[in-house]
Every structure is written in structure tokens, then in C-alpha cells.
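# Coordinates in review
Each chain, letter by letter, is given below.
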Amino acid sequence: MPQATFHFPPGFLWGTATSSHQVEGNNKNNDWWAWEEQPGRVINGQRSGLACDWWGGRWREDFDRAKETGQNAHRLSIEWSRIQPAPDRWDEDALDRYRAMLRGLHERGITPMVTFHHFCNPLWLAERGGWENEETPALFARYVRKAAEALQEYCTLWITINEPNVFAFEGYLEGLFPPGKKDLKAAFLVFANMVRGHALAYREIHQLQREARVGLALNIRPLHPAGPLTFLDAIPARIGARTFNEAFPNALVDGKLRLPTRTVRIPEAVGTQDFLGVNYYTLDMVRLNLLRPSEMFAERFYPPGAELSDTGFIANVPEGMFEVLKWAKGFRIPIIVTENGVEDADDHLRPRYLIEHIHQVWRAVNFNWPIKGYFHWTLVDNFEWERGWTQRFGLWGLDVDTQQRIRRPSVDAYAAICKQNAVSYETVEKFAPQAVPRMFPG
Ligand code: IFM
């Protein structure tokens, strides 16, 4: 069996990604907390509760874990509702706590990447119509300026909005996130306002900090025509990809948000992206189905025979990572994999999923595509939105009742990669022997 080591460039960022509501606990002043209190919103009535207790200080021990296992970067989000608990009030204590967290990362030799918006809105904003309100982009930019001013000493790598496509889709089409609407017009309005909010925030940050690098984290989900009538299935697949995956980042290139129903001109968005953050988990097959007008005449399903995660949420298709990176390089800006991971409570799949996806990143790096880092989702099991605690994405497991962390084998698989800045034959053989014939053919 030929052996090889897949090396990454010096300075490559290796980290994990987290988000405030999912790890902090007691995030009581946002729309997600209120949503969790409504019956039927979260599976089994589960709540975020204390989450991973980062607000209580357990970020320290988790950052120690990240450092000890060779991670040199961490992506976290800050909570708008804590920083601006009311429209006319800033909470300096909350900003101090975030400063302490970022300082804590620096002290451990870990580069921070900060996300300003990760699915949650302050209650006061939600009561004013959230992102459907045309004033929200400016309010968002104001909050971003305030927070960036306070944190700029410790951070130059910023994400304005996490997965605006998922936010609009889940909150305004599927109804699974607050405000629970199923309204295409509202979804497109929210999408457009998020482009506006991003553009304003981009400029605020750059006014403050010349060396800032500002981007988005987009959930990119390749859509493949299912066949056998591939030419027919290609139509909904293309419309879906243009809308869900491509509309937002394309609008940042030419100022045109191309929706299936119309094109919205947002000229101020042109050139507001220093890097492209891609979150890749899985891909879908698409079949034309004229009986599904509300889903844009598309039926989506996983590739037949694909290996699925615990709850069937993710199909393990590592080649999709390469496909996404190939698409992303078309923007001719640096690319960062801002999320990738799998729910897997007993860790039977994660080491292989992780290794094979990182191998696809390596393939892309070898074409000299400008990929600068990889952030695994996630460090410790966290609150997974409407799926509550039923999905376990952490390198470390979490006992929600005792706050005890449980080290999964994936911790050591990822640590080997981070520490060597490479995927070695030994790492694959030890943690993902099934992948050896695929990764080392011959
Ligand atoms: O937990 C989420 C995260 O908040 C956004 N991207 C996908 C993850 C896994 O579902």
C-alpha cells in the first residue's frame, strides 16, 4: 500500500466553530429563547438552558481543550441581545466578557474569528419585525460598529452573518426557526435586508480597522439533478442552487440579488467580501415534482445508498467539499471552511468523515486554490436549534445535566492533523482504516 502525507501550507488555520446561543447558556433576551418556550418548537420540548455554560465561564476549560489538541484558531459568535439588551442601551459588562474570551484565545495562541449574527435576534428587534423591517440593516450595522470597536484589539477576522440562506429558509419558508413563517415573499425580503445589513456592517468594520478581513459564512449545499430525466431535474436543481447557494455571494460581486421572482438591486453591496466562508456538511439530489409548488417544484433527497448520520440529517459525501471549494474559487478571494462536521454520538463515523473531508480540502489546496483554514463544527456538543440535544456534533461529548465533557476518539484524530498540519498515513490508518484504500490507492 503506498504511503503519503498530505501536507497543508504553513499558517493554515485549524480550529473549531461555535455559536453564542448554542454554547453560552441562559441567553434569555433573544427570540430563540422565547421560541424554545413555545410548545412543539423544539424536539421533545428541549431547551438550550445552560448549554455548555460558557457564560458561566466554562469557555476557559474548553479553550484549554482546543489549545492542548493543537488548534490554532477558533470561530465564535457574539450575542447581539446581550450587547444591546434594549434599543437604547449597551451592556459594557457583556462586551468585557467577550473581550476576556478573545483575550483568553490569544493567551492560548489561538486566532479568533468573530461572527456578529448567528441566527438569533434580540427580543426587541424581533418585536419590530426582525429582518423584515427595513430599519434592521442600519440597526445591525450600529451594533456591529459598537461591538467591533470593543473587540478590535483582539480580532481582525470577522463574519458579519452566519448562513443568511439558512436563516431565511428555516425562519420564513420551512417555519422551523423563529418567527416560524411560511411566506416566500417575506423570505426574499429578509434575504435582501441581510445583504444590505452585511454591506453596511462591512464598511463600518473597515472604517474602524484597516487590516480587517470581513466575510460571510454561507451554508453551501450542492444540488445534483437526480435523473433519469436529468435535463428536467436540472431545472429545479439550478434554480435551487442559484437561490440558496449563489444569490447572496453573487450580490456582493455585482450588487444584484437574483431571486427566482425578481432581481433586487443593492449597489452598496458591491465589493463587500474579503474572503468567502463556506459551511459544507452534505449535498442533495433533486427531482422535478410538479406537485410541490411551495418547494419550487423540487423534491430533494440524499444520494441512494449514501451513509447517513445518526438522525439522517447528513449524508456523508466528502467529494461535495471539493465541489464547493471549486465553486468558491470562482470568486477569486481567499476561502475559509467556516464549518464542517457530523452528528455522531458514539463517534463511529466522525473520524472518517473528518479525515475524508479534510482530504478533499487538501486536494483543493493542491490546485493552489486560496484556502486558508478549516473550522470543524464543533468543539463540544451543543444545542442544535429545533433538533435540541438530539444531535451530537462535538469533538467532545457533553453530559447536559452534569456539564461533564467526554473525550471522543475524534479529538485525537483532529489533534494529529492540527499538530502535524497534515493528514498522515498513520493518522488515517489509526482513525479511519476504511478510508485507506480510497485515500491511498494503488
Ligand atoms: O448548528 C448548526 C450551526 O448553527 C449552523 N450550521 C450548521 C450547524 C449544524 O446543524
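This text follows the structure it describes.
Residues numbered from 1 in each chain as written. Predicted model: local features only at pLDDT ≥ 70, side-chain atom pairs only at ≥ 80, totals over all residues. Heavy atoms only, no water.

### A closer look at the pairing of strand S16 (residues 404-407)
- When strand S15 (residues 396-399) meets S16, the two strands line up antiparallel, connected through four bridges. Directly across from Asp399, in S16, lies its bridge partner Gln404.
- Hairpin connection, S15 to S16: the antiparallel pair is bridged by four residues, and Gln403 has positive phi, about 65 degrees. (Pairing = 2+ DSSP bridges. Helix = DSSP H or I, 4+ residues; strand = E, 2+ residues; numbered from the N terminus.)

### Concerning the site of the ligand
- Near the ligand, the surroundings consist of 13 residues, among which Gln22, His118, Glu163, Glu339 and Glu384 are the closest.
- Separating an oxygen atom of the ligand from a side-chain N or O atom of Gln22 is a distance of 2.8 Å.
- Contact distances for the ligand include 2.9 Å between an oxygen atom and a side-chain N or O atom of Trp385.
- For the ligand, whose accessible area on its own is 280 Å², the fraction buried by protein is 96%.
- A per-class count over the shell around the ligand returns six nonpolar, three polar and four charged. (Near = heavy atom within 4 Å. Polar contact = N/O pair within 3.5 Å; in protein donor to acceptor, adjacent residues only side chain to side chain. Areas by Shrake-Rupley, 256 points an atom, 1.4 Å probe, with all protein chains shown as cover. Nonpolar A, V, L, I, M, F, W, Y, C, P; charged D, E, K, R; others polar.)

### Details of the packing of aromatic side chains
- Using the criterion set out here, one finds 35 aromatic pairs in the structure.
- Seen from their ring centres, Phe116 and Tyr143 are 6.2 Å apart, and the 85 degrees between their planes marks the pair as edge-to-face. With Phe116 in strand S4 (residues 111-117) and Tyr143 in helix H7 (residues 136-151), this pair connects stretches of sequence that are 27 residues apart.
- Among the residues examined, Phe116 registers a relative accessible area of 1% and is labelled buried.
- Taken together through their ring pairs, the aromatic side chains of Trp32, Trp35, Phe119, Phe177, Phe383, Trp385 and Trp389 make up a single cluster.
- Over the ring of Trp396 we find Arg65, and its NZ or CZ is 6.0 Å from the ring centre.
- Positioned above the aromatic ring of Phe322, the side-chain terminus of Arg363 is 3.9 Å from the ring centre. (Phe/Tyr/Trp six-rings, centres within 6.5 Å; stacked < 30°, edge-to-face > 60°. Buried < 20%, exposed > 50% of the residue type's maximum accessible area, 1.4 Å probe, protein only. Lys NZ or Arg CZ within 6 Å of the ring centre and 35° of its normal.)

### A short note on the nonpolar core
- Grouped together as the largest cluster of nonpolar side chains are 124 residues, with contacts concentrated most on Ile78, Phe116, Trp158, Leu257, Leu325 and Val361.
- Per-element accounting of this core gives the leading share, 12 residues, to helix H9 (residues 184-208).
- The contact partners of Leu325, leaving out residues within four places of it in the chain, are Val278, Ile335, Val337, Gln360, Val361, Ala364, Trp369 and Ile371.
- By size, the runner-up hydrophobic cluster in this structure holds 17 residues, among which are Leu13, Ile336, Trp377 and Phe393. (Core = buried A, V, L, I, M, F, W, Y, C linked by side-chain atoms within 4.5 Å. Contact = heavy atoms within 4.5 Å.)

### Details of the sheet that holds strand S5 (residues 157-162)
- Judged by pairing direction, the barrel is parallel, and its eight strands sit side by side in the order S2-S3-S4-S5-S6-S10-S13-S14 before closing back on the first. If you compare each strand with its neighbour and ignore which way they point, the axes differ by 25 degrees on average.
- This element, H9, spans S4, S5 and strand S6 (213-219) of the sheet and lies at about 165 degrees to S5.
- Sitting on the sheet, helix H11 (residues 319-328) touches strand S10 (275-279), strand S13 (335-339) and strand S14 (371-376), and the angle it makes with S10 is about 160 degrees. (Axes fitted to C-alpha atoms, helices over the stretch in contact; angles between N-to-C directions.)

### Side note on the pairing of strand S2 (residues 13-17)
- Burial analysis of S2 places five of its five residues in the buried class, which makes it a mostly covered element.
- Side chains Leu13, Gly15 and Ala17 project from S2 onto one buried face, and the interleaved Trp14 and Thr16 project onto a second face that is buried too.
- The pairing of S2 with strand S3 (residues 73-77) spans three bridges and is parallel. In the sheet register, Thr16 faces S3, and the bridge partner there is His74.

### Observations concerning the sheet that holds strand S12 (residues 298-301)
- Reading across from one edge, S7-S11-S12 is the order of the three strands in this open sheet, with mixed pairing throughout. Two strands in the sheet have a free side with no partner beyond their single neighbour: strand S7 (223-225) and S12. For this sheet, the mean inter-axis angle between neighbouring strands, taken without regard to orientation, is 40 degrees.
- With four bridges connecting them, strand S11 (residues 284-288) and S12 associate as antiparallel partners. Of the residues in S12, the one forming a bridge with Met285 is Phe301.

### A closer look at the pattern of salt bridges
- By the definition in use, this model includes 26 salt bridges.
- Residue Lys181 is joined to Glu132 by a salt bridge in which the shortest nitrogen-to-oxygen separation is 2.9 Å. Separated by 49 residues along the polypeptide, Lys181 in the loop between helix H8 (164-174) and H9 and Glu132 in the loop between helix H6 (123-127) and H7 bring together distant segments of the chain.
- Accessibility expressed as a relative area gives 24% for Glu132, which makes it partly exposed.
- Of the charged contacts, one joins Glu149 and Arg145 as a salt bridge, the two residues approaching to 3.5 Å between their closest N and O atoms. (Salt bridge = Lys/Arg side-chain N within 4 Å of Asp/Glu carboxyl O.)

### Remarks on the packing of helix H12 (residues 350-365) against helix H13 (residues 409-420)
- Packing of H12 against H13 brings their axes to within 9 Å, and their N-to-C directions diverge by 20 degrees. With respect to H13, the axis of H12 lies roughly parallel. Read as a crossing pair, H12 and H13 show a hand that is right-handed. Of H13, the residues touching H12 (which contributes Arg350, Pro351, Leu354, Ile355 and Ile358) are Ser410, Ala413, Tyr414 and Ile417.
- In the contact of H12 with H13, the residues fall into seven nonpolar, one polar and one charged. (Parallel < 35°, antiparallel > 145°, perpendicular 65-115°, else oblique. Left-handed = near helix turned anticlockwise from the far one by under 90°.)

### Quick notes on the packing of H8 against H9
- Interhelical geometry of H8 versus H9 gives an angle of 155 degrees and a closest axis separation of 9 Å. Judged by the angle between their axes, H8 and H9 are roughly antiparallel. Considering how the two elements wind past one another, H8 and H9 form a crossing that is right-handed. Where H8 abuts H9, its residues Pro164, Asn165, Phe167, Ala168, Tyr172 and Leu173 lie against Leu184, Ala186, Ala187, Val190, Phe191 and Met194.
- Counted by class, the contact of H8 with H9 contains 11 nonpolar, one polar and no charged residues.

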